[in-house]
Amino acid sequence: MKPAMMVFALLGLVIYGNAEVYIVTVEGEPVVTYEGGIEGFAATSVDSAEDMDITSESVTSYSLHLEKQHDILLESLFEAGTYKKLYSYRHLINGFAIHGSPEQAEALRRAPGVKYVERDMKVRKLTTHTPQFLGLPTEVWPTGGGFDRAGENIVIGLVDSGIYPHHPSFSTHNYPPYDPLPRYRGKCEIDADTKHSFCNGKIIGAQHFAAAAIAAGAFNPAVDFASPVDGDGHGSHTAAIAAGNNGIPVRLHGHEFGKASGMAPRARIAVYKALYRLFGGFVADVVAAIEQAVQDGVDILNLSVGPNSPPTTTKTTFLNPFDAALLSAVKAGVFVAQAAGNGGPFPKTLVSFSPWITSVAAAVDDRRYKNHMTLGNGQTLPGIGLSPATHWNRTFNLVAANDVMLDSSLAKYSPGDCQRPEVLNKHKVEGNILLCGYSFNFVVGSASIKKVAETAKILGAAGFVLAVENASPGTKFDPVPVSMPGIVITDVSKSMELINYYNSSTSRDWIGRVKDFNATGSIADGLAPELHKSAPQVAVFSSRGPDVKDFSFQDADLLKPDILAPGYLIWAAWTPNGTDEANYVGEGFAMVSGTSMAAPHIAGIAALIKQHHPAWSPAAIKSALMTTASTLDKAGSPILAQQYSGTDLLTLVPATPFDYGSGAVDPAAALDPGLVFDAGYEDYIRFLCSVPNIDHHEIMNLTSSACNASSGHPADLNTPSITISHLKGTQTIKRSVTNVADETETYVITARMSPEVAIEANPPAMTIRPGATRDFTVSLTARSITGSYSFGEVVMKGSRGHKVRIPVVAMGYYN
């Protein structure tokens with residue numbers, strides 16, 4: 001060993017206790033992009049998942065060669081036992097994850113052949129009626145042979161918190177048997193307790209990835225489970241939304257809340273667990289899961305996961321190990337759906353950045369759960385409560401939890417939260433409505449509505465009411481199913497009316513003890529949903545654009561999010577030991593909100609498109625989804641977005657492409673889009689090379705691809721949208737469309753834009769034969785400088801009924 005390298009090894013021995021996880025990329029092409037050139041190793045580059053044969057001699061030998069090079073590098077730098085290699089990445093990126101000291105990371109940065117070193121980052125989870133809302137049973141499933149064939153032989157890979165394999169949403173009982181699928185090469189881990197496989201034909205692969213989490217000291221085997229089993233609930237929920245069985249009764253507390261179904265109920269599920277109960281996950285584990293999924297041969301990849309912020313170590317959001325791995329996944333023919341993030345309604349809160357990914361925003365669909373309470377003085381107080389009514393035509397006395405403590409010393413247990421039945425007097429509560437207070441404990445999750453209901457039931461209450469006296473800005477109140485009458489009064493002013501009525505009706509002695517509970521009330525039936533035509537709406541929590549190109553949050557010339565899908569109050573499978581939502585602990589189903597729920601809707605619909613059009617590229621599938629999306633709600637009015645007013649009250653404003661991308665997904669139209677905007681790996685590399693001020697060495701380091709002399713403009717990428725963040729004078733953008741219909745069609749092209757920007761599309765019409773590709777241009781001219789974005793669209797109407805629409809976004813700047 002050379003003296004300098006001995007120093008690094010000794011340093012590693014001394015400070016290994018301060019080690020962290022680092023992701024490293026090195027020189028050399030990964031399997032999916034290697035085109036030959038190394039003696040003894042044949043080319044392995046692929047353009048679709050079908051082309052990759054991981055069992056072939058060429059792939060096996062080349063991937064082993066890359067892993068050997070990783071080991072040689074590490075052994076030449078560091079002494080054995082001073083570091084731990086966690087993963088070798090060989091298929092999508094060429095590199096490895098290492099658990100070592102900061103000094104070792106610095107040694108790697110200086111080592112010949114090393115291109116990139118980044119300290120691992122955490123990622124987070126971005127946490128039924130929707131098939132009917134989206135028209136799947138009547139308009140989409142019949143075209144593929146019905147729900148029992150919808151998604152047949154398509155594999156959806158889910159990088160999430162695992163799965164509860166015993167749930168009826170994933171059962172194979174009473175369903176036609178699944179045929180073998182030899183092209184899928186994934187494996188099924190064995191349950192250490194039951195000794196049974198996690199797979200059953202519906203679940204076709206199940207693996208877990210936790211090396212980085214374990215090395216970082218975050219993994220707790222008692223609650224995180226070193227297996228694909230879902231210890232959280234999130235993974236089972238997203239899997240069921242994408243591909244859960246059709247017609248599964250959603251039963252909680254003796255009530256049925258309809259029947260649940262995945263978007264593609266016959267699709268296969270491949271589980272890649274890389275997220276965990278308490279801490280989320282680590283990029284090193286997620287990248288390993290993505291690499292394995294693509295290597296195994298999934299068709300669709302769902303990522304209800306994203307970074308906590310834009311990457312800090314690269315000059316652009318589009319270049320990091322996570323996005324680079326997904327770029328290679330797309331090259332291998334895998335469609336990727338990713339949750340846009342839950343940072344809304346504020347701008348620039350997206351955590352899904354790159355054009356090769358389909359970034360999904362969350363919508364509120366047409367189903368709303370509401371309830372009300374009637375007081376003895378005739379007042380009616382609105383609220384939320386997914387519960388049965390109190391006994392018909394009867395009123396009940398109201399008793400406040402703070403007034404029925406067994407002993408005043410118990411006040412230290414926050415009895416007003418109604419979380420502890422043992423501190424309250426059952427004789428005073430029994431037969432009455434228990435009045436509780438919504439404290440900060442509910443916000444942080446240490447108190448739950450489920451526990452209030454349990455307390456009320458143990459004490460024999462006729463029902464409960466939870467009054468919100470103070471609401472933090474942005475607090476979200478969701479209806480929670482409970483077994484007994486119960487309601488949450490979410491409007492602070494209405495809660496005060498309730499409290500004032502209670503206090504004025506309750507007689508007390510001279511020291512404040514209650515003599516008589518005279519306030520009365522009743523709770524209505526809140527089990528039946530109301531259906532609204534003002535849907536979809538953009539959910540308040542859904543992250544908003546503009547997309548950003550770097551950590552300084554400079555605007556990117558790329559529209560994000562891409563599309564809107566249901567993500568609010570979604571019923572789907574849950575795991576009985578899931579703790580992601582305190583109100584659903586121990587339940588088999590949960591009604592959860594988040595862009596995490598929106599992404600698997602798109603993943604499942606993409607599976608249906610892939611089933612109908614198996615040769616389509618990921619970009620073509622994304623284009624079909626985007627160009628057929630709707631900007632109108634069910635009533636035919638422009639889609640609205642939930643927003644906060646100056647008083648932190650929820651209000652509705654007209655939605656823009658920064659809220660919903662191209663609009664709300666229309667699955668039936670997406671199956672037959674007429675035209676698609678296609679793009680491939682080389683197009684994405686050209687896009688990266690065209691980003692202003694991007695480091696071309698960084699592109700080479702993470703993609704092994706070089707930039708040529710002509711860089712172009714990011715808006716030149718052939719996406720089904722146009723975004724120019726700095727429009728100076730006139731800029732002309734070219735787009736190419738391919739006719740994927742069976743017949744020749746003539747399209748008339750029109751364009752419109754808000755008056756600050758002039759728009760013109762040429763030619764005004766064109767005829768395209770099946771399979772042919774034609775170009776058109778869109779010219780944008782800044783007319784006035786407002787400092788804000790202008791929105792418009794290009795619409796292509798076909799003579800055979802197809803309608804292709806792309807959003808246009810631009811901000812004018814002085815030359």
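Rules of the game
Residues numbered from 1 in each chain as written. Predicted model: local features only at pLDDT ≥ 70, side-chain atom pairs only at ≥ 80, totals over all residues. Heavy atoms only, no water. Disulfide = S-S within 2.5 Å. Helix = DSSP H or I, 4+ residues; strand = E, 2+ residues; numbered from the N terminus. Buried < 20%, exposed > 50% of the residue type's maximum accessible area, 1.4 Å probe, protein only. Pairing = 2+ DSSP bridges. Axes fitted to C-alpha atoms, helices over the stretch in contact; angles between N-to-C directions. UniProt positions renumbered as here; feature names shortened; annotations may be inferred. Contact = heavy atoms within 4.5 Å. Arc of directions from axis to C-beta. Polar contact = N/O pair within 3.5 Å; in protein donor to acceptor, adjacent residues only side chain to side chain. Salt bridge = Lys/Arg side-chain N within 4 Å of Asp/Glu carboxyl O. Phe/Tyr/Trp six-rings, centres within 6.5 Å; stacked < 30°, edge-to-face > 60°. Lys NZ or Arg CZ within 6 Å of the ring centre and 35° of its normal.

Observations regarding the state of the cysteines
Applying the stated criterion to the full structure yields three disulfides. Here Cys418 is linked by a disulfide to Cys436, with a sulfur-sulfur distance of 2.0 Å. The sign of the -100° torsion about the S-S bond sets the Cys418-Cys436 disulfide as left-handed. On the criterion of sequence distance, the pair formed by Cys418 in the loop between β19 (396–400) and α11 (426–429) and Cys436 in strand β20 (residues 433–437) is long-range, its members being 18 residues apart. For the pair Cys418 and Cys436, a shared accessibility class is recorded, and that class is buried. Note that Cys689 is cross-linked by a disulfide to Cys707, the S-S spacing being 1.9 Å. Its S-S torsion of about -85° marks the bond between Cys689 and Cys707 as left-handed, since a negative value means left-handed. Of the two residues, Cys689 sits in helix α19 (residues 681–690) while Cys707 sits in the loop between α20 (696–703) and β34 (722–728), which places them 18 residues apart along the sequence. Listing the disulfide partners of the protein chain by sequence rank of the bonded cysteines yields 1-2, 3-4, 5-6.

A short note on the pairing of strand β24 (residues 514–517)
Alignment of strand β23 (residues 506–508) against β24, held across three bridges, turns out to be antiparallel. Bridge pairing in β24 places Thr506 opposite Phe517.

Observations regarding the sheet that holds β34
Taking strand neighbours across the sheet as the criterion, the five strands line up as β34-β41-β40-β36-β38 in an open arrangement whose pairing is mixed. Where the open sheet ends on each side, the last strands, each with one partner, are β34 and β38 (765–768). Between one strand axis and the next, the sheet turns by 25° as a mean value, whatever way the strands run. Examined bridge by bridge, strand β36 (residues 745–753) and strand β40 (residues 790–798) share seven bridges and lie antiparallel to one another. Note that in β40 the partner of Ala751 across the bridge is Val794.

Section: the UniProt feature "active site" (unreviewed entry) in the protein chain
On the UniProt side, "active site" (unreviewed entry) is annotated at positions that read Asp160, His234 and Ser596 here. These residues run over 437 residues, yet every pair of their C-alpha atoms falls within 9.9 Å of each other. Relative to the assigned elements, Asp160 resides in strand β6 (residues 155–160). When near neighbours in sequence (up to four residues on either side) are disregarded, Asp160 contacts His234, Gly235, Thr238, Tyr272, Lys273, Ala274, Leu275 and Ser304. Here Ser596 lies in helix α15 (residues 595–612). Residue classification places Ser596 among the buried residues on the basis of a relative accessible area of 0%.

Points about α20
Listed as buried for α20 are Glu698, Ile699, Asn701, Leu702 and Thr703. Looking straight down α20, one finds that the buried residues subtend no more than 165° of arc, so they occupy a single side. Lining the buried residues of α20 we find β1 (20–26), β4 (114–119), α10 (321–331) and α19. Measuring from the backbone nitrogen of His697 back to the side-chain oxygen at the start of α20 gives 2.8 Å, which picks out Asp695 as the cap. Following α20 by one or two positions, Ser704 has its phi on the positive side, about 60°.

A look at the pattern of salt bridges
Should their charged atoms come close, side chains of opposite charge can pair. In the structure shown here, the tally under the stated rule is 24 salt bridges. Salt-bridge contacts for Arg266 lead to Glu152; the nearest nitrogen and oxygen are separated by 3.2 Å. Here Arg266 is found in the loop between β9 (255–260) and β10 (268–273), whereas its partner Glu152 is found in the loop between α5 (136–140) and β6, with 114 residues between them in sequence. No difference in accessibility class separates Arg266 from Glu152, as the two residues are buried. Between Arg544 and Asp659 there is a salt bridge; the shortest N-O distance is 3.2 Å. With a gap of 115 residues between them, Arg544 in the loop between β27 (537–538) and β28 (563–566) and Asp659 in helix α17 (residues 657–660) connect regions that are remote in the sequence. Across the pair, exposure class does not vary: Arg544 and Asp659 are buried alike. If you follow the salt bridges from partner to partner, you end up with Glu67, Asp71, Lys85 and Arg90 in one network.

What about the sheet that holds strand β35 (residues 730–739)?
The strand order across the open sheet built from four strands is β33-β35-β39-β37, with neighbouring strands paired in antiparallel fashion. Strands with a single pairing partner mark the edges of an open sheet, and in this sheet they are β33 (675–676) and β37 (757–762). Pairing of β35 with strand β39 (residues 773–782), which is carried by nine bridges, proceeds in the antiparallel orientation. Residue pairing in the sheet places Ile733 in a bridge with Val778 of β39.

Describing the packing of aromatic side chains
In total, this model carries 15 aromatic pairs according to the counting rule given. Plain terms: the ring middles of Tyr34 and Tyr62 are 3.9 Å apart, the flat faces sit at 5° to each other, and that makes the pair stacked. Placement of the pair is Tyr34 in the loop between β1 and α2 (57–77) and Tyr62 in helix α2, with a sequence separation of 28 residues. Residue class for Tyr34 comes out buried when judged on its relative accessible area of 2%. Judged by its relative accessible area of 1%, Tyr62 falls in the buried class. An angle of 15° between the planes, with centres 4.7 Å apart, marks the rings of Tyr438 and Phe442 as stacked. When its relative accessible area of 9% is taken as the criterion, Phe442 is described as buried. Among the aromatic side chains, those forming a connected cluster through ring pairs are Phe219, Tyr276, Phe279 and Phe282. Lying over the aromatic face of Tyr178, Arg266 brings its terminal NZ or CZ to 3.8 Å of the ring centre. One cation-aromatic arrangement involves Lys331 over Tyr681; the distance from NZ or CZ to the ring centre is 5.5 Å.

Observations concerning the environment of Pro165
Positionally, Pro165 belongs in the loop between β6 and β7 (203–208). Put simply, Pro165 and Lys202 are 37 residues apart on the chain and 9.5 Å apart in space, counted from C-alpha to C-alpha. With residues up to four places along the chain from it excluded, the contact list for Pro165 reads Phe170, Phe198, Asn200 and Ile203.

Looking at the UniProt feature "domain: Subtilisin-like protease fibronectin type-III" (unreviewed entry) in the protein chain
According to UniProt, the "domain: Subtilisin-like protease fibronectin type-III" (unreviewed entry) feature falls on residues 716–809. Its end C-alpha atoms 14 Å apart, residues 716–809 is made of 0% helix and 66% strand.

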